[in-house]
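Residue strings, one per chain:
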Amino acid sequence: MTEPAIEFRSVVKRYGDASAVAGIDLAIAKGELMTFLGPSGCGKTTSLRLIAGLELPTEGQVLIAGRDVSRDPASARNVGMVFQSYALFPHMSVLDNVAYGPAIRGTPKAQAQARAREILDQVGLAGLEARLPSELSGGQQQRVAVARAIVQQPDVILFDEPLSNVDAKLRRKVREEIRALQRRFDLTAVYVTHDQEEALAVSDRIVVMDRGRIAQVGTPAELYERPATPFIASFIGDANLIEGQVVEGRFTAPGMTLDVPGQDGPATLSIRPERITLAPGGPDRVMTATYLGSRMEYLVAAQVGEMLVSRPIFEPRLAAGQDVSLHIAATDVSRVA
Amino acid sequence: MKAFEGRIGLIWSGLLLASVLALPWFKGGAIGASALAEGVAGRAWLLPLVAVAVALTALTFLTRNWRVHQAAAALVGAGLAWLILQGFGIGLRGPALPGIELLFPAAAAGQPGFGWGAWLAGVALIGALAEVLAARGFCRGERFAAFSIVGIVAALTLFVFFPILKLMSAAFIAPDGTLSALPFLARITAADLWSVGCLTGAGRCGVVINSVVLGVLSAAFATALGLALALLVARTDFRMKRALRAISILPIITPPFVVGVAIIVLFGRTGVVTVEVAEWFGVRPSRWVYGLPGILMAQVLAFAPVTFLVILSALEAINPTLEEASTTLGARPVTTFRTVTWPLLRPALAAAFLLAFIESLADFGNAIVLGGSYDVLSTKIFFAVVGAQYDLGQAATLSVLLLALTVAAFWVQTRWLGRASYVTVTGKSDAGLVAPMPLLIKWAAVAAVLPFVIFTAGVYMIVLIGGFVTDIARLEMSPTFGHIWTAFSFEVGDRGLQLFGSAWDSMITTLWVSALSAPLTMGIGILTAWLIARQDFAGKRAFEFGTLLSFAIPGTVVGVSYIAAFNVPPIDMTGTLWILVICFVFRNLPVGMRAGIAALAQIDRSMEEASQTMGAGGGRVLADVVLPLIRPAIFTALVYSFVTAMTAVSAVIFLVSARHNMATAYIMGRVENGEYALAIAYSTVLMLVMVVCVALMNLAVGRRKLGRRTAVTGTAQPAQ
Ligand SMILES: Nc1ncnc2c1ncn2[C@@H]1O[C@H](COP(=O)(O)OP(=O)(O)OP(=O)(O)O)[C@@H](O)[C@H]1O
Ligand SMILES: [Mg+2]
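Student: With reference to specific residues and values, describe helix H8 (residues 181–188) of chain B.
Tutor: Every buried residue of H8(B) is listed here: Pro183(B), Phe184(B), Arg187(B) and Ile188(B). Projected down its long axis, H8(B) carries its buried residues within an arc of 125°, all on one side.

Student: Describe empty space enclosed by the protein, listing the residues and the values that go with them.
Tutor: All names here are of chain B. On inspection of all chains with the given rule, the structure shows 8 cavities of 30 Å³ or more. Lining the largest cavity are 13 residues, and of these Arg140, Trp530, Arg534, Gln535 and Gln612 sit closest to its centre. Put simply, the parts of the chain that give the lining of the largest cavity at least two residues each are helix H24 (504–534), helix H28 (605–613) and helix H29 (618–629). If you tally residues by element for the lining of the largest cavity, the top one is H28, at 4 residues.

Student: Can you lay out the sheet that holds strand E16 (residues 295–302) of chain A for me, pointing to particular residues and giving the numbers?
Tutor: Residue and element names in this part refer to chain A. One open sheet accounts for 4 strands, arranged E17-E16-E15-E18; its pairing is antiparallel. Only two strands of the sheet have a single partner each, and these edge strands are strand E17 (305–312) and strand E18 (323–327). Recorded for the sheet is a direction-independent mean angle of 50° between the axes of neighbouring strands. Pairing between strand E15 (residues 277–291) and E16: 6 bridges, direction antiparallel. What sits directly across from threonine 290, in E16, is glutamate 297.

Student: So, the nonpolar core: which residues are in play, and what are the values?
Tutor: Counting 263 residues, the largest nonpolar core has Trp25(B) and Tyr562(B) as its most contacted members. With 34 residues, the next largest nonpolar core counts Val123(A), Phe159(A), Val174(A) and Val202(A) among its residues.

Student: Run through the pairing of strand E9 (residues 205–210) of chain A, naming residues and quoting values.
Tutor: Residue and element names in this part refer to chain A. Burial analysis of E9 places 5 of its 6 residues in the buried class, which makes it a mostly covered element. The pairing of E9 with strand E10 (residues 213–218) spans 5 bridges and is antiparallel. Opposite valine 207, over in E10, you have valine 217 as the bridge partner. Between E9 and E10, which pair antiparallel one after the other, the connecting turn spans 2 residues, and arginine 211 there sits at a positive phi close to 45°.

Student: A description of the sheet that holds strand E14 (residues 265–271) of chain A should follow, citing residues and the corresponding values.
Tutor: Residues and elements named next belong to chain A. An order of E13-E12-E11-E14-E19 is seen for the 5 strands of this open sheet, with the pairing classed as antiparallel. Every other strand in the sheet has two partners, leaving strand E13 (256–259) and strand E19 (334–335) as the edge strands with one partner each. Note that strand E11 (residues 240–247) and strand E12 (residues 250–253) share 3 bridges and pair antiparallel. Bridge pairing in E12 links valine 247 to arginine 250.

Student: Please give an account of a nonpolar patch on the surface that cites residues and values.
Tutor: All names here are of chain B. Taken together, Trp485, Phe490, Val492, Leu497, Leu499, Ile508 and Trp512 make up a surface patch of nonpolar side chains, about 740 Å² in accessible area. Where the nonpolar patch is concerned, the elements lending two or more residues are strand E5 (490–493), strand E6 (496–499) and H24. Examined against the element boundaries, leucine 499 turns out to sit in strand E6.

Student: Please set out the site of ligand 1 residue by residue, giving values where relevant.
Tutor: Residue and element names in this part refer to chain A. In the neighbourhood of ligand 1, the contacting residues comprise Tyr15, Ala20, Ser40, Gly41, Cys42, Gly43, Lys44, Thr45, Thr46, Glu161 and His194. Relative to its unbound accessible surface of 640 Å², ligand 1 loses 57% to contact with the protein. Counting residues per element, the shell around ligand 1 draws most heavily on helix H1 (residues 44–52), at 3 residues. Of the residues that constitute the shell around ligand 1, the class distribution is 3 nonpolar, 6 polar and 2 charged.

Student: Before we move on, can you summarise the layout of surface pockets with the specific residues and values?
Tutor: If you roll a probe as big as a water molecule over the atoms, it shows you where there is empty space left. Residues and elements named next belong to chain B. Here the second largest pocket is characterised by a volume of approximately 1,500 Å³. Along its surface, the second largest pocket is lined by 39 residues, and Trp119, Val123, Leu158, Phe159 and Ile582 are the ones closest to its centre. The set of elements that each furnish at least two residues to the lining of the second largest pocket consists of helix H4 (70–89), helix H6 (116–135), helix H7 (143–170), H24 and helix H27 (577–600). It is H7 that provides the largest number of residues to the lining of the second largest pocket, a total of 11 residues. Two domains each donate at least three residues to the lining of the second largest pocket, and these are domain 1 (2–96 + 107–136) and domain 3 (504–701).

Student: Please provide a residue-by-residue account of the confidence of the model for chain A, values included.
Tutor: Of all residues in chain A, 100% have pLDDT values of 70 or greater, and the mean over the chain is 91. When mean pLDDT is taken per element in chain A, strand E3 (residues 33–37) of chain A scores highest with 96 and E13(A) scores lowest with 86.

Student: Just give me the short version of the pattern of salt bridges, but keep the residues and values in it.
Tutor: On inspection of all chains with the given rule, the structure shows 26 salt bridges over all chains. With a closest N to O distance of 3.3 Å, Glu118(A) and Arg115(A) form a salt bridge. With Glu118(A) and Arg115(A) both in helix H3 (residues 109–122) and 3 residues apart, the pair spans about one turn of that helix. According to the relative accessible area criterion, Glu118(A) is partly exposed, its value standing at 44%. Among the salt bridges present, the one from Arg285(A) reaches Asp323(A), with a minimum N-O distance of 3.5 Å. With Arg285(A) in strand E15 and Asp323(A) in strand E18, this residue pair connects regions lying 38 residues apart in the sequence. If you follow the salt bridges from partner to partner, you end up with Lys13(A), Arg49(A), Glu55(A), Arg140(B), Arg605(B) and Glu609(B) in one network.

Thresholds applied
- Residues numbered from 1 in each chain as written.
- Chains lettered and ligands numbered in written order.
- Predicted model: local features only at pLDDT ≥ 70, side-chain atom pairs only at ≥ 80, totals over all residues.
- Heavy atoms only, no water.
- Buried < 20%, exposed > 50% of the residue type's maximum accessible area, 1.4 Å probe, protein only.
- Helix = DSSP H or I, 4+ residues; strand = E, 2+ residues; numbered from the N terminus.
- Arc of directions from axis to C-beta.
- 1 Å grid on protein atoms, 1.4 Å probe; cavity = no way out; pocket = protein on both sides within 12 Å on 5 of 7 lines; lining within 4 Å.
- Points joined across faces, edges and corners; volume = space filled by probe spheres on them.
- Pairing = 2+ DSSP bridges.
- Axes fitted to C-alpha atoms, helices over the stretch in contact; angles between N-to-C directions.
- Core = buried A, V, L, I, M, F, W, Y, C linked by side-chain atoms within 4.5 Å.
- Patch = residues over 30% accessible without salt bridge, like charges linked within 9 Å, V, L, I, M, F, W, Y side chains within 5 Å.
- Areas by Shrake-Rupley, 256 points an atom, 1.4 Å probe, with all protein chains shown as cover.
- Salt bridge = Lys/Arg side-chain N within 4 Å of Asp/Glu carboxyl O.
- Near = heavy atom within 4 Å.
- Nonpolar A, V, L, I, M, F, W, Y, C, P; charged D, E, K, R; others polar.
- Domains from an automatic or database assignment.
- pLDDT = per-residue confidence, 0-100.

Here's what the structure looks like:
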């Protein structure tokens, strides 16, 4: 395998006594879009800023393109960053904003501007070069911010919640744009969000963080289908957690047994609502039935406990109070504890 | 990038090498008299510094990254420590600290003060220290920020704390030069400080009592007047609002003594008003105005605009809906005022009072002109240094007292009031009408303000015409340019422009000092603001407090402390232009700093971070992003420091010399000689010069040009 574009080696960042990042080991491959996902205050932004050089690690090393940059200030690294607030310079034109980076790094002015024009063209902003940022729409400002971050062909481009200032309806479009640009320029990207749907949609891989540590790393499908802990199972999507015992490879809980490989002892299984099938008649009972347009959602009182079940809209609908039996396939569960 | 780092290292070690090998080490030294030469010639204690310079240079060449090398830290630390120790340890006539000859056996030879070489060596070592710290993660590795912090801390230590420490130690020096607590105790308990004779009718009061009485009275009157003014401006449809706001700027640009002189011209024994009143009522003209009444008048006139602004901003910040609520609950205007407005205003009133109290204690100009036999601390300090009996110990003791008083008031102001502020700033537009003022209060305010307005008009009338009539004091009113000509006569002959007027020297020095100190004050002030607002570093709180502290030190105390500190090696610079410049820079620093901090709080920090991630170092970030966005603060800082440099007197009066005299000191001389017309004429010219210079600065700094829809946050509204 080739050398990772970014590497965290036992990185710790402390503010006073509190650890914002409490020991992270992570490698991000070249050309990959890696997302940091987690609840508020778990250290996502801090990790991102450690890559940018806007914070320096208290312990451990950060490597970019194989080089230890732990003590290099932001200005000595080659990273592009898209800020939550865009951070466009209000006193400079769009063109000057984008040409700023190359000019700072010593590219002659004419050349820097030519390069900026080229990038602006590619992000679809041709013709707006002379405007001030305040004269652009929110989406356009966002694209300027991206153009400004990629104009210098950075080793990595960093996004800190880039969609939080974008109108809800535009989000999907902008997120697709970002993903397309990242692919087109073959950029290594690190993306911070606390929106799990957004994370699933844009990422090659996702890092789920919890209280300054990495809880799990994996592709969106791995995280969704094979969550490693109850925290991840319930943080990404909805999950039913079933507690029981494993004895000689068989999991038993009240009213159910499943083949689950692994160590004997107490266990927790996670099953997604859409993986559960319901058949009319049986020991379980539908408590509520909710019509959601694209699907039906049922809350079922089963022997193992209350289960959330989600069924396609075209299946025969069940009503609250109806008796049902609940089926779970062993291949659809993952053991989270 | 790596090569660049190497080069920065070379700059500091190169500078260090040059300063020990080539530049004159001592003040006034010859070109060849470097540290090396002096060291070889007998002042052996300089040689280790040469060794440090050579070793550090070698290190920058021999190691790949000298900044992280252990030896670099050790060398820089040792170099700085040695520089300071030998500088302060060995005076002009040998050892200056007890026991120092153990460390420097040859110290008896003595040494003059720091010259170019020593100063630059200090700068180079500080630069290298910043590099070493930055390489270890200080300031997130940003060398510019690291250098700024280390540099400013060093400068504050040298020019604010060191003089104060020196002053305190001077308070313990007996007349024969020995150090002991007895003279301090004797001086500080003296009857002429604490006597309350004037109250009991048994003679005069002590200076401290005088000062405090004056301070309390002056602050009380100024606060009451400020409140009246603020109420009229904020809560009535009073016609003259704009004029009142304009008046509030006057004291800032009015040179000291002018108001005092105008008061003498009006109310002195032969004053216009006095004579008229005497004729009408048949009383004997007296010198009643000299003393407490005169100083009080002048101070209230000077401080009322300040208290006015403080109270006005509080009054305007009160959410009208609160008062409205009270009114809709059925309260009469007087009740609303008493139960809602007044309690909300109280913190502002206290703040205004303390501010005026501090200013009154620090005031020197009015007290010296109008004081007569009413001694206050600031004048007493002045006469202890300048008078016939040059007694630095006495001056220092009094200074320590004055300092304790003002710092205590300052402390109360920041601590106690900081918590008690109820002012509600919500950022919402406050719909709702302000409560109508109770009539009684309205007329009381008018009654208070009217004399003030008439009085101000009278005073400035005198200032306006006094310089251009034969003798305003005797009401000889024939127009003349004679006074101006005495001060500023010139001739353009075959030998070019020749300046004869007696005031030219002081005018030119003043312009130089102002022109040098204003940009420096602004630059350091804004830089400090940026460091405080944007950098996290150990000791930031202390740093901030230190910068603000210099604001609480009265000018007289600064003057005495500078004499105590900078009259002797290693930093002997009394009598130079630089001591004047430095004095102003560090006195006015907090103003630029506050303006900068306020402006920076409006600016989204991620713009600077964006600039950094694109490759800009701290200096570029400042120049490209920060400064263009905080132009108004820059302008404020520039104008304020320029204007104060032209009008301040309390500190400079101690620091001027025959060669470098300042306008205010010159004017004071004229006032002492009774040449009132000349003093007024000069003051008029000074005010004119200030107005012109401020207009020029406005052109140079310019207005902020930003898009119409801008908030300076870098965030724009989400797409609609
Ligand atoms: N400059 C700082 N000083 C002290 N503590 C800080 C600082 N910056 C961050 N922290 C703390 O570090 C922790 C992690 O912060 P971080 O900004 O990385 O969270 P986050 O995951 O980005 O959260 P969010 O989703 O809310 O943006 C938080 O508890 C925060 O309070
Ligand atoms: Mg965050």
